[in-house]
Protein chains: 4
Amino acid sequence: MNTTDRIGVAIAGITGYTGIELARILSRHPRVELRFLGGRSRAGEPLEAGAPSLSRLVTGEVEAVDAERIAARADVAFLALPHGAAAEVAVPLLERGTMVIDLSADFRLRDPEIHRAWYGEHKAPALIGTAIYAMPEIARAQIRGARFLASPGCYPTAATLSLAPLVAAGWIDATDLIVDSKSGASGAGRGASVANLLAETGEAIHAYNVTRHRHTPEIEMALGMVGGCEARVTFTPHLVPMSRGILSTAYARPRVPRSAAEVQELYERHYRDEPFVRVLPQDRLPDTAHVRGSNFIDIAVRVDQRAGGRIIALAAIDNLVKGASGQAVQAMNIALGFAETCGLDFAPMFP
Amino acid sequence: MNTTDRIGVAIAGITGYTGIELARILSRHPRVELRFLGGRSRAGEPLEAGAPSLSRLVTGEVEAVDAERIAARADVAFLALPHGAAAEVAVPLLERGTMVIDLSADFRLRDPEIHRAWYGEHKAPALIGTAIYAMPEIARAQIRGARFLASPGCYPTAATLSLAPLVAAGWIDATDLIVDSKSGASGAGRGASVANLLAETGEAIHAYNVTRHRHTPEIEMALGMVGGCEARVTFTPHLVPMSRGILSTAYARPRVPRSAAEVQELYERHYRDEPFVRVLPQDRLPDTAHVRGSNFIDIAVRVDQRAGGRIIALAAIDNLVKGASGQAVQAMNIALGFAETCGLDFAPMFP
Amino acid sequence: MNTTDRIGVAIAGITGYTGIELARILSRHPRVELRFLGGRSRAGEPLEAGAPSLSRLVTGEVEAVDAERIAARADVAFLALPHGAAAEVAVPLLERGTMVIDLSADFRLRDPEIHRAWYGEHKAPALIGTAIYAMPEIARAQIRGARFLASPGCYPTAATLSLAPLVAAGWIDATDLIVDSKSGASGAGRGASVANLLAETGEAIHAYNVTRHRHTPEIEMALGMVGGCEARVTFTPHLVPMSRGILSTAYARPRVPRSAAEVQELYERHYRDEPFVRVLPQDRLPDTAHVRGSNFIDIAVRVDQRAGGRIIALAAIDNLVKGASGQAVQAMNIALGFAETCGLDFAPMFP
Amino acid sequence: MNTTDRIGVAIAGITGYTGIELARILSRHPRVELRFLGGRSRAGEPLEAGAPSLSRLVTGEVEAVDAERIAARADVAFLALPHGAAAEVAVPLLERGTMVIDLSADFRLRDPEIHRAWYGEHKAPALIGTAIYAMPEIARAQIRGARFLASPGCYPTAATLSLAPLVAAGWIDATDLIVDSKSGASGAGRGASVANLLAETGEAIHAYNVTRHRHTPEIEMALGMVGGCEARVTFTPHLVPMSRGILSTAYARPRVPRSAAEVQELYERHYRDEPFVRVLPQDRLPDTAHVRGSNFIDIAVRVDQRAGGRIIALAAIDNLVKGASGQAVQAMNIALGFAETCGLDFAPMFP
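Reference entry: report on the structure contained in this document.

Reading the values: the criteria
Residues numbered from 1 in each chain as written. Chains lettered and ligands numbered in written order. Predicted model: local features only at pLDDT ≥ 70, side-chain atom pairs only at ≥ 80, totals over all residues. Heavy atoms only, no water. Least-squares fit on C-alpha atoms with pLDDT ≥ 70 in both. Contact = heavy atoms within 4.5 Å. Buried area = accessible area lost by both parts, 1.4 Å probe. Salt bridge = Lys/Arg side-chain N within 4 Å of Asp/Glu carboxyl O. Polar contact = N/O pair within 3.5 Å; in protein donor to acceptor, adjacent residues only side chain to side chain. Helix = DSSP H or I, 4+ residues; strand = E, 2+ residues; numbered from the N terminus. Buried < 20%, exposed > 50% of the residue type's maximum accessible area, 1.4 Å probe, protein only. Core = buried A, V, L, I, M, F, W, Y, C linked by side-chain atoms within 4.5 Å.

## What about the relation of the copies chain D and chain B?
Piece 1. Take chain D, turn it by 180 degrees, move it 0.0 Å along the axis, and it overlays chain B with an RMSD of 0.0 Å. Classification of the inter-copy transformation places it as that of a two-fold axis. For chain D, the minimum C-alpha distance to the rotation axis belongs to Glu203 of chain D and amounts to 4.0 Å.
Piece 2. A shared binding surface is used by both copies, with 100% of the interface residues of chain D retained as interface residues in chain B.

Laid out in structure tokens, this is it:
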């Protein structure tokens, strides 16, 4: 293929897990060409030193993250940087007209007060609220043609899409929600740490940041976008001894009791045309093993008739794909008018 | 030590995980002597063939499970058999005057209707309701001197003890509870299976039996015993890629809003004298890695002020110890008047 | 794409791990079309019941394995069946002119005596020795145009390719080799079993079939093909608590002492043009995490100068890809004249 | 029990894995009392902050490691410190007459030249060679009454004991040995690291430090002690995705061919009276799952008749118990004249 027909893309943060996953996906994407591999660490080293899996597939040196050089070479910049660091790079890139897809939390929350309450001072306050919250299944129209996208967090993706049909239909009280989520260890990032050593966590499960995880307001915002209403969530994340995957188990109270069949039909209808959402039949439940490595989200819904018709919505994603890098590429495809599944049609890896 | 001073004990179901764990504990217990190793499979083989870990520590041949021979040799019989099979052995043992500690579900539910609804026809209906539900922290007085004990299930142990202070104090609506539990794979037993192969589940998490797991009515019964009230639970179990451990995350609605300090104080007071319950301070959360191999249950409690004061109660146990074999030995100690921690004072194994 | 331009392929044994992996690869392969999904179990069920990961990507019902129907629809049949069963299907397929790529062990060993000694009576003795042993890196020329291919075993692939440069150069004594291999649990297949339960093996490593694993004569045959000499191997396989991956560590005695640089140069030269072999520099070692999900084999070589110049050759593969399904597709590509990497150019999944 | 009858012990390095394991064992040991919990980090914090598993079992504050205070309170000091740091503490402790059991590598190698070649400059060169290498099964007599013990490394323990009967009998060429070892992640210690994150290594195996791991000369020294001969080993360690356990697979060349029965009989005879060595029958192989948490070493031996009678010796240990803290306590028991199994008679934890 004539590479001049391809869009030039940059990855900033290439040696973290989402950066490596972006490179895995984008290096096989037929419409883009990787033109800049930026890293905050390992600048000057060959990429394969920090990402041996990509050896031979993505070659080149890691470069320091520099907006000017990125803008000179790339049409689209993916920012896979820690929050704060992303904002600092986004500003000059946007000034230079580079399209920015930010995978950090910097531009997801649209309300400056809420951002400050959960994340502290913002590095680019003038830009708060200017990015599109790029979850395709709830904001496809706004993503089209957009030049500044805030790619959703991993937990919010699973939680929001598992509950969206109920919220959109107004069937549940969105101010009385519980999301109990379980994530693999790659969600904690690639920083050196004792808490995430295999020896500590390889045979263990624990909850963390109970009642105060930063994805709480993001889930509330996303569900509010879906339902045009206020949402309130008790969110409990857990660390599970596996590398990848999130399972989200959500509990909602119906406004009016619904049968399992009604709820099932609602979900199937709601997601009928979505290329990456698989609504499971009533005899199956989501398993992270069935979506691993893919951009799919598997969703199931149950009604607990014994407990007043409480609804249980479960979803499984690969946190690094649909929960991060895959979803960001999906949003790019939509924004640029490519086929939505372009470069994302790979199958889950089981086992 | 003069072994004639020891109580003779039998284990029926010695080659399953709870049977092996009973042998691990009882073989080091200073007041008992293992006199019968019964198995439904592997009868006639040396124990170490099916339980190599016990080689040299517990010697002897696996014998067919036979009530007469058990009664002739043992004062106490631990039944680590599948439900149904346990009932069939319990009857003749009780007739012969042998003390029975049943680790199956056969005699836990005291209401015949509820038993039938969740387990089908009972093999010894006349005995339903005659065993003490032997969770020491909620029924210590009844266990003393008892001759027929039904040892609680693993999930109900973690869930009940995590919520008991709130239910006992009447602080929450016991008919509006959610228990989201995560278990290691040993909870599924030692039967050959595809679903529990390492290759299937080693990098995976999924929920199972949503809204219809058989431990649901047991949790409700146990909490009802604690509070003298009706309880209603939505219970969602999950399989986590580890061998041992249960983490239970429960969500409750307070009748009157409570502060974190109030709730913390309630828990510390409630469990002040319990030898195996560790109430964690507000800056720590339970982790199955910190109780593994021990009879401890670690409990923490949180209040979500943003969500109307919803209370989150978390507990971690080793499903094979406090969730099964350890708790059964604890109950035996109480029933026979031994020190409650006798033979159970081993430390968790970390990492 | 016009599907009439595609080759029709069949998979027999679609619900096992190698069958699912074949479907994962072939469903994305631009030159083939999946036309038959055969299974010995689950016939009549939708494929997604036994392979939920493939839902929406590979649709259709599992059919009983029937040579006539396969031959009617497919140009190429992949046999992912247990040994013995494969031979029984291969015979009628070959008679009907269908190209057969057999992933079982039935037609790998070319010597009937050796086959009988390790596997017992053969189901199709007349066909022994008629298939090409289809390891592309050692038999590319013979694979071209062939109609009957025996795809190599997982352990032999890693072991042979790790030692091939030394054997081909005559630098080592091929009758004095040790191969110490470590495999993930998917290598044991998808049959129900106690030994491979997560609870048994999730925190464990053990060797098995020491001195008598059936891949021993296959490694010897493959190395013999490379070197035109007799080979003799002590082979020790181990089960490691992970789903996928083989690490092979081989020990060889040099005929003449060699420096690390000499050996490194030999390997780089030997594999210079191989699309799927990555010879690592002296500062890196193979890790199964870096090849997972891909058709790559990563190889490193070391010289132990303290121990008489003993050479240590290490290789990492994904046992289900380069060790099974990926290598089979690679061989098909060669046999049919497709680009060798066609449909196999996906990147490893890390982490 | 009257605690004045107990020996006072100190642990220096209480918050690392071997330190926590020492506390787990010593807190239940009937002849000792923990009187000093020293840590290089976390001094001033309650122990349970860094070691939550020990909460309620071992209470007290972590203190800075100070020889004077240790000597004032303890009769025996266990040093679970990094190499170098251990030497610096050992000197003043020995001067004050405190018995020292050093779990670091500082005093294992008796030859100053070899120590320097593998570890660099020694912090207390005058003491090199003055400690007893405290592997009870090969040096029990020297340990008795000793005041300065160097506790062996984890890999050397498994490798040495797996080969000792052959070396002692002179049946193999000790200068032509291969040891291929596989360790769980706790062997890498509790320092923050990227390489040992669960996400990196949870589904992976790799070799490391090939031909240059520091345990190489220690294995050679220990085998030399056994056989009164020179030993030479090619040693290849691997990291396996589990928390605990080492499996060692060793390959040796017999001087004279031996039958499996002869070798089996040699091992059984050699280890007949050893309380912690279990020689497995020919139909079983060691598995780390069967020794986990215990001080046992399980050993099996095989003869590969096809390969010139090559002997394969396999051993499994818990790296933190028999490979570190348990063995150190075993040595203390011997040195002080306690029963050798005192405080160490706990059973392995399976599963």
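## Structural notes on the relation of the copies chain B and chain A
Piece 1. With an axial shift of 0.0 Å and an RMSD of 0.0 Å, the rotation relating chain B to chain A amounts to 180 degrees.
Piece 2. Most of the interface of chain B is mirrored in chain A, where 100% of its interface residues again form contacts.

## Details of the interface of chain B and chain A
Piece 1. Each side of the interface is counted separately: chain B has 51 residues, and chain A has 51 residues.
Piece 2. In total, chain B and chain A occlude about 4100 Å² of area from one another, counting both sides; carbon and sulfur atoms represent 53% of this.
Piece 3. Counting the surface chain B buries against chain A, the share from its top three residues, Glu203, Ile205 and Arg306 of chain B, is 19%.
Piece 4. Between chain B and chain A we count 10 salt bridges in total.
Piece 5. One salt bridge connects Asp176 of chain B with Arg310 of chain A, and the closest N-O pair in it is separated by 2.4 Å.
Piece 6. The interface formed by chain B and chain A holds 30 residue pairs in polar contact (both at pLDDT 80 or more) in total.
Piece 7. At the level of secondary structure, the elements contributing two or more residues to the side of chain B that touches chain A comprise strand S7 (177-183), helix H8 (198-201), strand S8 (206-207), helix H9 (215-227), strand S9 (233-239), strand S10 (246-252), strand S12 (297-304) and strand S13 (310-317) of chain B.

## Regarding helix H1 (residues 17-26) of chain C
At 3.6 residues per turn, the α-helix brings residues three or four places apart onto the same side.
Piece 1. For H1 of chain C, a buried count of 9 out of 10 residues is recorded, marking the element as mostly surrounded by other parts of the structure.
Piece 2. Among all positions of H1 of chain C, only Tyr17, Gly19, Ile20, Glu21, Leu22, Ala23, Arg24, Ile25 and Leu26 of chain C are buried.
Piece 3. Buried-residue contacts for H1 of chain C involve H8 of chain B together with strand S1 (7-12), strand S2 (32-38), helix H2 (47-50), strand S3 (76-79) and helix H11 (321-336) of chain C.

## With respect to the pattern of salt bridges
Piece 1. Across all of its chains, the model carries 116 salt bridges over all chains by this definition.
Piece 2. In this structure, the salt-bridge partner of Arg258 of chain B is Glu262 of chain B, at a minimum N-O distance of 3.9 Å.
Piece 3. On the basis of relative accessible area, Glu262 of chain B is assigned to the partly exposed category, the value being 35%.
Piece 4. Notably, a salt bridge pairs Glu137 of chain D with Lys322 of chain D, separated by 2.8 Å at the nearest N-O pair. Taken together, the positions of Glu137 of chain D in helix H6 (residues 136-143) and Lys322 of chain D in helix H11 (residues 321-336) put the pair 185 residues apart, joining distant regions of the chain.

## Here's the deal with the nonpolar core
Piece 1. Phe78 of chain A, Phe78 of chain B, Phe78 of chain C together with Phe78 of chain D are the most contacted members of the largest nonpolar core, which totals 225 residues.
Piece 2. Each residue touching Phe78 of chain C, except ones within four places of it in the same chain, is listed here: Val9, Ala10, Ile11, Ala12, Leu22, Leu26, Ile101, Leu103, Ala328, Val329 and Met332 of chain C.

## Considering the environment of Arg292 of chain C
Residues and elements named next belong to chain C.
Piece 1. You can see Arg292 is positioned in the loop between strand S11 (277-279) and strand S12 (297-304).
Piece 2. Of the residues examined, Arg292 reaches a relative accessible area of 6% and is grouped as buried.
Piece 3. Between the C-alpha atom of Arg292 and that of Leu247, which follows or precedes it by 45 residues, the distance is 11 Å.

## Quick look at the interface of chain D and chain B
Piece 1. Each partner contributes to the interface: chain D provides 34 residues, whereas chain B provides 34 residues.
Piece 2. Between chain D and chain B, a total of about 3100 Å² is buried, with carbon and sulfur atoms accounting for 61% of that surface.
Piece 3. Sorting the residues of chain D by area buried against chain B places Arg56, Met349 and Phe350 of chain D first, and these three jointly supply 22% of that buried surface.
Piece 4. Run the count over chain D and chain B and you get 2 salt bridges.
Piece 5. At the junction of chain D and chain B, the tally comes to 16 residue pairs in polar contact (both at pLDDT 80 or more).
Piece 6. Mapped by element, the contributors of at least two residues to the side of chain D that touches chain B are helix H1 (17-26) and strand S11 (277-279) of chain D.

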